[in-house]
Amino acid sequence: MTFDDGPHPSHTMSILEDLEKYDGHATFFVLGSRVQHYPEVLQKMLQQGNEIGNHSWDHPQLTRLSKNKIEDQIEKTQDAVEKATGIEPNLVRPPYGAINNNVREYMEDMKVALWDVDPEDWKERNEKKIVNKVMGKAKDGRIILMHDIYQTSAQAAGKIIKQLHDQGYQLVTISELEKVKKDRELSGITISE
Ligand code: ZN
């Protein structure tokens, strides 16, 4: 699972508690402008084995910005996360998934991480609908996109984490997923659709 647009002092914390309870990890794509206010939430993410990615400073569509402004959005966020945790992200998720050559050029040494399953939880704001949408599409190896700034999303995430765990899924970060995929490739295991 991945969570965008946070951190949020209570909703992100509630998701972290559920992840811990069911032994899962997630990747959190944070906004630099929020990171500065809640460094302790980021510290908890890392303490539990989760991963932090860069989601820009304040969520502009990067493809509409000049190169200097793109650099600003990414670099300021890298600095804010490093200040809060001592670690710089190596994953980035551009807002709206919007990417072009200017954006890509600036992210040369960072990995761009998009998603497979999008329940549109920012629009839906209905716990049950979000849970059903995600559970209907969740499969081995798929990346789920949610947002940790809404109460309905945090409540839905709690249910999803429990249900996926009960079905035998192991919830991992994007970097852990990449590693699992590589290991499976090496040993000739393929994921059936
Ligand atoms: Zn976003």
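Every chain is numbered independently, its residues counted from 1 as its sequence is written. Note on the predicted model: pLDDT of at least 70 is required for a residue's local features to be given, and 80 or more for side-chain atom pairs to be given and counted; whole-chain, interface and lining totals, by contrast, use all residues. Each side-chain value is worked out from all heavy atoms of the structure, with water and hydrogens disregarded.

Describe in detail the pattern of salt bridges, supporting the description with residues and values.
Each salt bridge in this description consists of a side-chain nitrogen of Lys or Arg and a carboxyl oxygen of Asp or Glu lying within 4 Å of one another. Across all of its chains, the model carries 11 salt bridges by this definition. We note a salt bridge from K129 to E124, for which the minimum N-O separation is 3.9 Å. Categorising residues by exposure relies on relative accessible area from a 1.4 Å probe, with only protein chains included: less than 20% of the type maximum marks a residue as buried, more than 50% marks it as exposed, and the intermediate range marks it as partly exposed. For K129, a relative accessible area of 46% gives the class partly exposed. Residue D183 pairs with K179 through a salt bridge whose shortest N-O separation is 3.0 Å. Pair noted here: D183 and K179 are both in helix α9 (residues 174-186), with a separation of four residues, about one helical turn. Via salt bridges that share partners, E124, K129 and K133 belong to a single interconnected network. Segments assigned H or I by DSSP are reported as helices when at least four residues long, segments assigned E as strands when at least two residues long, and all are numbered from the N terminus.

Help me get a handle on the environment of D121, residues and values and all.
As for its placement among the helices and strands, D121 is situated in helix α6 (residues 121-124). D121 sits in the buried class, given a relative accessible area of 0%. Along the sequence, D121 and H147 sit 26 residues apart, while their C-alpha atoms lie 6.9 Å from each other. Every residue in contact with D121, bar those within four places of it in the chain, is listed here: I130, L145, M146, H147 and S153. As used in this structure description, the phrase polar contact means that two N or O atoms lie within 3.5 Å; if the pair is within protein, one of them must be able to donate a hydrogen and the other to accept it, and residues adjacent in sequence are counted only when both atoms belong to side chains. Side chain to side chain, D121 and S153 meet in a polar contact 2.7 Å long. Residue contacts are defined here by distance: any two heavy atoms, one from each residue, within 4.5 Å place the two residues in contact.

Which residues make up the nonpolar core, and what values go with them?
Counting 33 residues, the largest nonpolar core has M1, F28, M146 and I160 as its most contacted members. Breaking this core down by element, the ones donating at least two residues are α1 (11-21), β2 (27-30), α3 (39-47), α4 (67-85), α7 (127-137) and α8 (151-166). Counting residues per element, this core draws most heavily on α8, which supplies six residues. Other than its neighbours up to four places away in sequence, F28 contacts F3, T12, I15, L16, L19, M45, N50, E51, I52, G53 and D148. Take the buried Ala, Val, Leu, Ile, Met, Phe, Trp, Tyr and Cys residues and link them wherever side-chain atoms come within 4.5 Å; each set so joined is a nonpolar core. Membership of the second largest hydrophobic core comes to seven residues, among which are I70, I74, V103 and M110.

Could you give me a rundown of the packing of α1 against α8, with the residues and numbers involved?
When two helices pack together, their arrangement is captured by the angle between the axes and the distance separating the axes. Closest axis-to-axis distance for the α1/α8 pair is 9 Å, and the angle between their directions is 5°. As judged from the angle between their axes, α1 and α8 are roughly parallel. Of α8, the residues touching α1 (which contributes H11, S14, I15, D18 and L19) are Q151, A154, A157, G158 and I161. Nonpolar residues are Ala, Val, Leu, Ile, Met, Phe, Trp, Tyr, Cys and Pro. Charged residues are Asp, Glu, Lys and Arg, and all others, Gly as well, are polar. Across the contact of α1 with α8, the residue classes tally to five nonpolar, four polar and one charged. As a rule, the C-alpha atoms of each element are fitted with a line to give its axis, helices using only the stretch in contact, and angles between N-to-C directions run from 0 to 180 degrees. Each angle gets one of four labels, with under 35 degrees taken as roughly parallel, over 145 as roughly antiparallel, 65 to 115 as roughly perpendicular, and the rest as oblique.

Just geometry here; none of it tells us what the structure is for.
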